[in-house]
Amino acid sequence: MACGHYHMLLPQTASAKRGEAVTFMYQWGHPFEHQLFEAPAPERLIVVSPDGKQTDLTKTLEKTSLPQGDKSVTAYRFHFTPEQRGDYVFALKAPPVWMAEGEEFLRDSVKVVLHVQAQKGWDQQCGAGFELLPLTRPYGLRAGMAFQSQIHQQPPGPRSIPAPPAPLTLQPPCLVEIERYNSVAPKALPVDEQITYAAKTDPNGIVTCSLPEPGWWCITAQRNGGVRKHEGKEYPVRERATLWIYVDGK
């Protein structure tokens, strides 16, 4: 069940115009099932502008709530107005989340690209230490197109965003999960293997997948992130890097 939990960082639109405000929503839960849980307060949020400048947006986050069945859950949102033409890369670092059913911690970073009128900067690094960089442009996609991204990583350990640029190193294959976001809960669910797709990276850290339907998709790479104490015992940490991309409709 832990595999189905992801951090969602979704703008109201995948493409925007210079000078027009865009609202982003950060939430936590099962994207495909649209089952939401209490989102932990982010540790840090940054944006890399088309010219490569990094800006800390953590203080712009606003706590809000979203309906979930007969109750509501905590989420966070922020508003951003792009002042340049080009691609803005947003990166959020979440705190470690204890997963009791899996007896492990999840430590996640999540990224999304906002396209603003010009194709410039969509593959920029955010310095997260473990992140997916798109090799295929992450917007203007059609359903069924192949999409490639590449892992850039540094050794596991405490860090914050931004960190020094991560050099590419050959590593054993990383497991990558791919899942579509549904804005409302489906009436019926397919079998588990058709909810979360799975792939592995090649020796160069590249993963290739096909996104068969329009909408938002998350691509999540994972690795061993060491151990962390919980109630006096040590448990494994699974470090994950998620990239959200949008597939256009016909």
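It should be noted that the structure appears before, not after, this text.
Residues numbered from 1 in each chain as written. Predicted model: local features only at pLDDT ≥ 70, side-chain atom pairs only at ≥ 80, totals over all residues. Heavy atoms only, no water.

### Description of the overall build of the chain
Helix and strand counts for the chain come out as zero helices and 19 strands. Against the globule reference of 18 Å for 250 residues, the chain gives a C-alpha radius of gyration of 17 Å, in line with a compact fold. Summarising its shape, the C-alpha atoms of the chain cover approximately 50 × 45 × 40 Å along the three principal directions. A buried classification covers 53% of the 250 residues belonging to the chain. Sequence-distant contacts, at least 24 apart, represent 65% of the contacts inside the chain between residues at least 6 apart. Summing over all exposed atoms, the chain offers an accessible surface of approximately 11,700 Å²; the carbon and sulfur share of this is 51%. In the chain, the 26 positive side-chain charges and the 26 negative ones have mean positions that sit 5 Å from each other. (Helix = DSSP H or I, 4+ residues; strand = E, 2+ residues; numbered from the N terminus. Rg over C-alpha atoms; globule rule 2.2 N^0.38 Å. Buried < 20%, exposed > 50% of the residue type's maximum accessible area, 1.4 Å probe, protein only. Contact = heavy atoms within 4.5 Å. Areas by Shrake-Rupley, 256 points an atom, 1.4 Å probe, with all protein chains shown as cover. Lys, Arg positive; Asp, Glu negative; His and termini not counted. Charge placed at Lys NZ, Arg CZ, Asp CG, Glu CD.)

### Examining the nonpolar core
Membership of the largest hydrophobic core comes to 37 residues, with the highest contact counts inside it found for Leu9, Phe24, Phe78, Phe80, Phe90, Leu114 and Trp244. Breaking this core down by element, the ones donating at least two residues are strand S1 (6-11), strand S3 (22-30), strand S5 (44-48), strand S8 (71-80), strand S9 (86-93), strand S10 (97-99), strand S11 (104-116) and strand S18 (215-230). Formed by 19 residues, the second largest nonpolar core is a distinct cluster that contains Phe147, Ile178, Ala241 and Leu243. (Core = buried A, V, L, I, M, F, W, Y, C linked by side-chain atoms within 4.5 Å.)

### A word on the pairing of S8
Both S3 and S8 contribute to a ladder of five bridges, which runs antiparallel. Paired with Val22 across the bridge in S8 is Phe80. The pairing of strand S7 (residues 62-68) with S8 spans seven bridges and is classified as antiparallel. Opposite Lys63, over in S8, you have Tyr76 as the bridge partner. (Pairing = 2+ DSSP bridges.)

### Here we look at the sheet that holds strand S17 (residues 206-210)
Paired through backbone hydrogen bonds, the strands of a sheet run either parallel or antiparallel to each other. Strands sit in the order S12-S14-S17 across an open sheet of three strands; the sheet is antiparallel. The strands lining the two open edges of the sheet, one partner per strand, are strand S12 (130-134) and S17. Each adjacent strand pair in this sheet contributes to an overall mean axis angle of 30°, direction not counted. (Axes fitted to C-alpha atoms, helices over the stretch in contact; angles between N-to-C directions.)

### A look at empty space enclosed by the protein
Gaps between atoms show up when a probe of the same size as a water molecule is rolled over them. Going through the model one piece at a time under the given rule, you end up with two cavities of 30 Å³ or more. Considered as a void within the structure, the second largest cavity measures approximately 30 Å³ in volume. In terms of lining, the second largest cavity is formed by Ala14, Val113, Pro138, Tyr139, Trp216, Trp244, Ile245 and Tyr246. The biggest single contributor to the lining of the second largest cavity is strand S19 (residues 233-248), with three residues. Taken together, the residues of the lining of the second largest cavity break down into eight nonpolar, no polar and no charged. (1 Å grid on protein atoms, 1.4 Å probe; cavity = no way out; pocket = protein on both sides within 12 Å on 5 of 7 lines; lining within 4 Å. Points joined across faces, edges and corners; volume = space filled by probe spheres on them. Nonpolar A, V, L, I, M, F, W, Y, C, P; charged D, E, K, R; others polar.)

### Topic: the packing of aromatic side chains
Counted by the stated rule, this structure contains 11 aromatic pairs. Taken together, a centroid distance of 6.5 Å and an interplanar angle of 85° make the contact between Tyr181 and Trp244 edge-to-face. With a gap of 63 residues between them, Tyr181 in the loop between strand S15 (175-180) and strand S16 (196-200) and Trp244 in strand S19 connect regions that are remote in the sequence. Pair check on accessibility: Tyr181 and Trp244 agree, each one buried. (Phe/Tyr/Trp six-rings, centres within 6.5 Å; stacked < 30°, edge-to-face > 60°.)

### A closer look at the environment of Gln148
Tracing the backbone shows Gln148 in strand S14 (residues 146-153). Given a relative accessible area of 32%, Gln148 falls into the partly exposed group. For the pair Gln148 and Ser210, spaced 62 residues apart in sequence, the C-alpha separation works out to 8.8 Å. Ignoring any residue separated from it by four or fewer positions in sequence, one finds Gln148 in contact with Pro134, Leu135, Thr136, Ile206, Val207 and Thr208.

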